[in-house]
Structure formats: C-alpha cells, structure tokens
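Chains, contacts and geometry: an overview
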Amino acid sequence: TKSLKETLQEVIPSKQEQLKKLKAEHAQTVVGDVKVENIIGGMRGIKAMLWEASVLDPNEGIRFHGLTIPDCQKVLPTAPGGKEIIAESMLWLLLTGQVPSEAQTRQLSRELAEKGDLPAFVEKLVDSFPATLHPMTQLGMGVAALNHDSLFQAAYEKGIKKSEYWTYMLDDCINLIARLPALAARIYRNVYKPGTPLPAINKDLDLVGNYTTMLGFGDNHNLTEYLRLYIALHGDHEGGNASAHTSHLVGSTLSDPYLSYSAALFALAGPLHGLANQEVLRWQLAMQAEIGSDVSHEQIKEYLWKTLKGGQVVPGYGHGVLRQADPRFIALQEFCDAHPELQESSIIRLVKKTYEVAPDVLKEHGKTKNPYPNVDATSGCVLYHYGLKEFKYYTVIFGVSRALGALTQLVWSRALGLPIERPKSLSMDALEMLIK
Ligand code: AMX
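Residues numbered from 1 in each chain as written. Predicted model: local features only at pLDDT ≥ 70, side-chain atom pairs only at ≥ 80, totals over all residues.

Quick look at the overall build of the chain now. Counting its regular elements, the chain contains 21 helices and two strands. Compactness check: the chain gives a C-alpha radius of gyration of 22 Å against a globular reference of 22 Å for 436 residues, within 12% of the reference. Dimensions of the chain, computed from the C-alpha atoms along their principal axes, are close to 65 × 65 × 45 Å. Buried residues in the chain amount to 46% of all 436 residues. (Helix = DSSP H or I, 4+ residues; strand = E, 2+ residues; numbered from the N terminus. Rg over C-alpha atoms; globule rule 2.2 N^0.38 Å. Buried ≥ 20, exposed ≤ 12 C-beta atoms within 10 Å, placed from the backbone.)

On to the site of the ligand, then. Near the ligand you find 19 residues, and of these Ala276, Val313, Gly318, Lys367 and Thr368 are the closest. Residues belonging to the shell around the ligand are distributed by class as follows: seven nonpolar, nine polar and three charged. (Near = placed C-beta within 6 Å. Nonpolar A, V, L, I, M, F, W, Y, C, P; charged D, E, K, R; others polar.)

UniProt's entry tags His273, His319 and Asp376 with the feature "active site" (unreviewed entry), counted in the numbering of this structure. In sequence the annotated residues extend across 104 residues, while in space they remain close, none of their C-alpha pairs exceeding 10.6 Å. Tracing the chain through its elements places His273 in the loop between helix H13 (257-268) and helix H14 (276-291). On the basis of neighbour counts, which here come to 17 C-beta atoms within 10 Å, the residue His273 falls in the partly exposed class. Discounting chain neighbours no more than four positions away, the residues touching His273 are Asn241, Ala242, Ser243, Ala267 and Leu268. (UniProt positions renumbered as here; feature names shortened; annotations may be inferred. Contact = placed C-beta atoms within 7 Å.)

Now for the nonpolar core. Core analysis: the largest hydrophobic core is formed by 118 residues, its most contacted members being Leu176, Ile177, Ala184, Leu407 and Val411. Here the element with the most residues in this core is helix H9 (residues 165-192); it accounts for 18 residues. Apart from the residues within four sequence positions on either side, Leu407 is in contact with Cys173, Leu176, Ile177, Pro257 and Tyr261. (Core = buried A, V, L, I, M, F, W, Y, C linked by C-beta atoms within 7 Å.)

As a further point, take the packing of helix H4 (residues 87-96) against helix H20 (residues 394-415). Where H4 contacts H20, the two axes come as close as 9 Å, and the packing angle between them is 30 degrees. Judged by the inter-axis angle, H4 sits roughly parallel to H20. Crossing geometry of H4 relative to H20 is assigned as right-handed. Within the contact between the two elements, H4 uses Ala87, Met90, Leu91, Leu94 and Leu95 and H20 uses Leu404, Gly405, Thr408 and Val411. In the contact of H4 with H20, the residues fall into seven nonpolar, two polar and no charged. (Axes fitted to C-alpha atoms, helices over the stretch in contact; angles between N-to-C directions. Parallel < 35°, antiparallel > 145°, perpendicular 65-115°, else oblique. Left-handed = near helix turned anticlockwise from the far one by under 90°.)

Take H13 next. Here H13 contains twelve residues, and its C-alpha end-to-end distance of 16 Å stays within 8% of the 16 Å for a straight helix at 1.5 Å per residue. Counting buried positions along H13 gives nine out of twelve residues, so the element sits mostly inside the fold. Buried within H13 are the following residues: Pro257, Tyr258, Ser260, Tyr261, Ser262, Ala263, Ala264, Leu265 and Leu268. Here the buried face of H13 lies against helix H7 (135-145), helix H8 (151-158), H9, helix H12 (242-251) and H20. (Expected span 1.5 Å × (residues − 1).)

Bridge analysis of strand S1 (residues 54-57) against strand S2 (residues 61-64) gives four bridges, and the strand direction is antiparallel. Opposite Ser54, over in S2, you have Phe64 as the bridge partner. With antiparallel pairing between neighbouring strands as the criterion, S1 and S2 make up a hairpin whose turn holds three residues. (Pairing = 2+ DSSP bridges.)

Turning next to unusual backbone geometry. Even without being a glycine, Met43 presents a positive backbone phi close to 60 degrees. Residue classification places Met43 among the partly exposed residues on the basis of 14 C-beta atoms within 10 Å. One non-glycine residue, Leu254, lies in positive phi territory at about 70 degrees. Within the secondary structure, Leu254 is located in the loop between H12 and H13. We classify Leu254 as partly exposed; it has 15 C-beta atoms within 10 Å.

A separate point is helix H18 (residues 346-365). Given a rise of 1.5 Å per residue, 20 residues ought to cover 28 Å, and the 27 Å separating the end C-alpha atoms of H18 matches this to within 8%. Along its length, H18 reaches its greatest deviation from straightness, about 35 degrees, at Val357, and the proline Pro359 lies no more than four positions downstream. Buried residues of H18: Ile347, Ile348, Leu350, Val351, Thr354, Ala358, Val361 and Leu362, and no others. Here the buried face of H18 lies against H14, helix H15 (297-309), helix H16 (327-337), helix H17 (340-343) and helix H19 (376-385). At the C-terminal side of H18, Gly366 shows a positive phi close to 80 degrees. (Bend = angle between axes of the 7 residues up to and from the residue.)

With that settled, consider the packing of H13 against H20. Interhelical geometry of H13 versus H20 gives an angle of 135 degrees and a closest axis separation of 10 Å. Classed by the angle they form, the pair H13 and H20 counts as oblique. Considering how the two elements wind past one another, H13 and H20 form a crossing that is right-handed. Together, Pro257, Ser260, Tyr261, Ala264, Leu265 and Leu268 of H13 and Thr395, Phe398, Gly399, Arg402, Ala403, Ala406, Leu407 and Leu410 of H20 make up the contact between the two elements. Partitioned by chemical class, the residues of the contact of H13 with H20 number ten nonpolar, three polar and one charged.

Our next topic: the environment of Ala358. The topology assignment puts Ala358 in helix H18. Separated by 228 residues in sequence, Ala358 and Pro130 place their C-alpha atoms 39 Å apart. Leaving out residues up to four positions away in the same chain, Ala358 has contacts with Leu304, Val314 and Tyr317.

Pasting the structure below:
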C-alpha cells in the first residue's frame, strides 16, 4: 500500500510541470478584468489566486478535484460499519486528487490516531483558560502554541532546499490534523463538562470517531456518522473564503502551518463566516419559541418578513459565490431524510419548512444575490437535536474540518513554490486618478 507521502511524491512533478507551462506560455494572457466595484466590494469575483483541491461553481456548488458531493459519497471509503465519507478519505482526495483505497484510508486513520496526543504544555495552556473565553479563541491559541513542535520551522532554521519545503509542510499538516480532535475535545470538556474524564485516543478508530468519543458522544452512532459527513463536507470550499484565504496569505510568508491555520481560525470565528451556524440555530429556536413548532408556511413567511424588516439578515441564506441551494445543505438534508429520529425532530422539521418558504420571501425582498440556503441553514440544528447543544462550540467543529482544505493548499503552495502574496491596494484618491 502506497503511503500518502509516496502518493504525493508521484503526483507533484506533473503539477509542477503544469505550472511551469502556464507560466511559460500564458503569463500575459488576460483572464478577467478588475472593476472599481471589485476593489470596493471585497474583491468579490476577481480571479486572483491558485487553489488546487476544489473549485466552486456558482450554480453547481463545490467540486473536489472535479468530484461533486454525490460523486464523493459514491467513491470515498467510509468508516468500518459506517455509510458516510470520513475525514481521512476526503483529506487523501484533497491532497492527491486520487480516491484512496480502503487500505490507504485505514493506514491514514491509524497514523492520525498515533500522532493525536497533545504535548503536555498545550494541555496545561488550554486548562488554564477561563471557561468564559470563547471556544474559538481557545482553539486558535492552542493551534498557534502547537507550532512549538513545527518540523518545517526547525528545518527552515537549519537550512533546507526549497524543493524540500513541502515534505516538512506535509509532516506538520498531518501532525496538526491529528491533534485537532484532542485539542477541540479538551476545550469542550473544560468549558461545558468540567471534571469529566477525557477518554484516550483509540488507535483503531478514525479521526472523527475519536473526536466524537472524546467529546463524550461516542455511543451515539448517528451523531458520529453525521459528524463524519459534516467534517468531510466542510473540509474545503475553494480558496477565496475568509478562513482559507487567511491561511494561504499567512502561509505565503513561510509561516508554519500551525501559525497559518490559527490565523484562519480567527477569520472563521466571524459571524458572516463560520459563526453563522450558531446564528441559524438561535434564529430557528427564537422562531419556534414565538410561533411554535407545528406551524404553517404562512406563519413562517410572516416571521421571515419580521426578521428582514428588523434590518437583520436571514441566517443560513445567501452566499458570496453560490447562486443555488448549496449542495452541502442538500447532502445534510438527505442525511436528515434517511434518519427517522431527525424527521421527527421539531427543529429539523422547522428548518425544512423554512426552506420551502424562505427563497421566495428573499426574492421578493430583492436584496440578496442568492436567496437559497447555504450549508449553515441546517448544520447546527442537527447537532442540537443529537444533544450537542452548546451553540458557541459549533464553529470549533467547523474549524476542525476546514483544516483539511486549508492545510492541503499549504502543502501545494510549497510544492509549487508559490510566492508571498502581495496584491496592490489603492486609496480613493489614487483610484480617482486612475479613473480620470
Ligand atoms: N438575508 C437578508 N439580506 C441578505 C442576506 C440574507 N440572508 N444575504 C445577503 N443579504 C443582503 C446583504 O446584507 C446585502 O445588503 P446591503 O446591500 O444592504 O449590504 C445584499 O443582500 C447583497 O448581498 P450579497 O451580495 O447577496 O451577499 P454577500 O456576498 O455580500 O454576503 C453572506 C454573503 C453569506 C455574508 C450574506 O448572504 C449573509 O449575510 N448571509 C447570512 C449569514 C450567513 O448565512 N452566513 C454563512 C455563509 C457561509 C459560511 O461562511 N459559513
């Protein structure tokens, strides 16, 4: 069985060749133009960065190396006894562009489990945080502190060839992904279940199986399966989203993966990005409290208008790139449809009914370019149903997941020798001079 590193070693040369050819033959080819609206509009729509693992189509949604979510669900190995994609098979696909075999997936699970323990000083650091410190702040600080053991940083200090950067990057990235469950679970226990014993990592379990067990939900098979799917699906969403772009930017300075990804986590912590799933749940619960669970479409419509007229956004709807219902939302809805306990859940039923009404209301409202749901419209509500009820923790789970894609690109950025990012900024005066 070929290992992950051996597989990457084989695929990297052809990608390097592809980049060389693009540079040699098309360096001056124009692929888009920059308008004033792009400059003042958060760079929306500008094609300005390389990102290998996934590409987001406005209508079709995400593809991972060309595979749609349903494609991935067909071909990627699951956990033994499970049906859902797992983090390991998704990570393998993201990194190599290839579908791993069952044996390769198990080998990676074992490697991650063997590397999953936290250094004692990080445990102490995390245990010293007040329970009132937001779990995302704790996660970002814990990840940054793990750079104590960065192999890339140590090798760089000694002096290594540029062509070797990616191998140290890969080692760091695997170590970081391996340690995220223990770190994230420790934060959960400290904040919400203080004093309860944290189980040790089981070397025979997959990454998310271990994560769920350490959170204290190991005996809930359906929640474990949900988290496997959730973490695989949230793994990557091309490069321009705020968290992925942040890790790309910081990594371009040759900061190690721990520092790069901790910066990404602080971008993920914003309410317009990763915090949205907690906002959706808060909003749906407030709706339930006000109008009840057994409600008509008309009542939901009224509640939607109340939210909009109050000057608030409808959380879980709209997207910077997508212009259709998010296929990740659809995949999570299908998970709900396949599990009777979720079909009977009042909060899940309310999410579904909201989806039947909200797009038309948002179209009539006329502001958002995308009146359809994004993945957050449902993700937190399922966690809530299964008893993981601490909203503030939800973005941490997203943070465990997004590492798959962001760290993949760090490996590729170093393998391709991409330079430090340095876009040009302009003042309004400078912009006006250009327009004249
Ligand atoms: N409800 C009400 N109004 C909305 C809206 C929504 N769900 N989504 C967008 N709008 C409004 C915007 O606020 C903006 O109004 P303005 O002109 O007064 O500022 C207008 O519609 C145009 O916005 P847009 O171009 O359609 O969206 P965007 O690219 O600027 O923002 C996003 C995208 C996701 C931040 C926005 O749709 C939003 O705030 N949605 C709700 C929060 C949410 O679900 N976020 C999750 C995103 C996914 C993720 O990162 N996890």
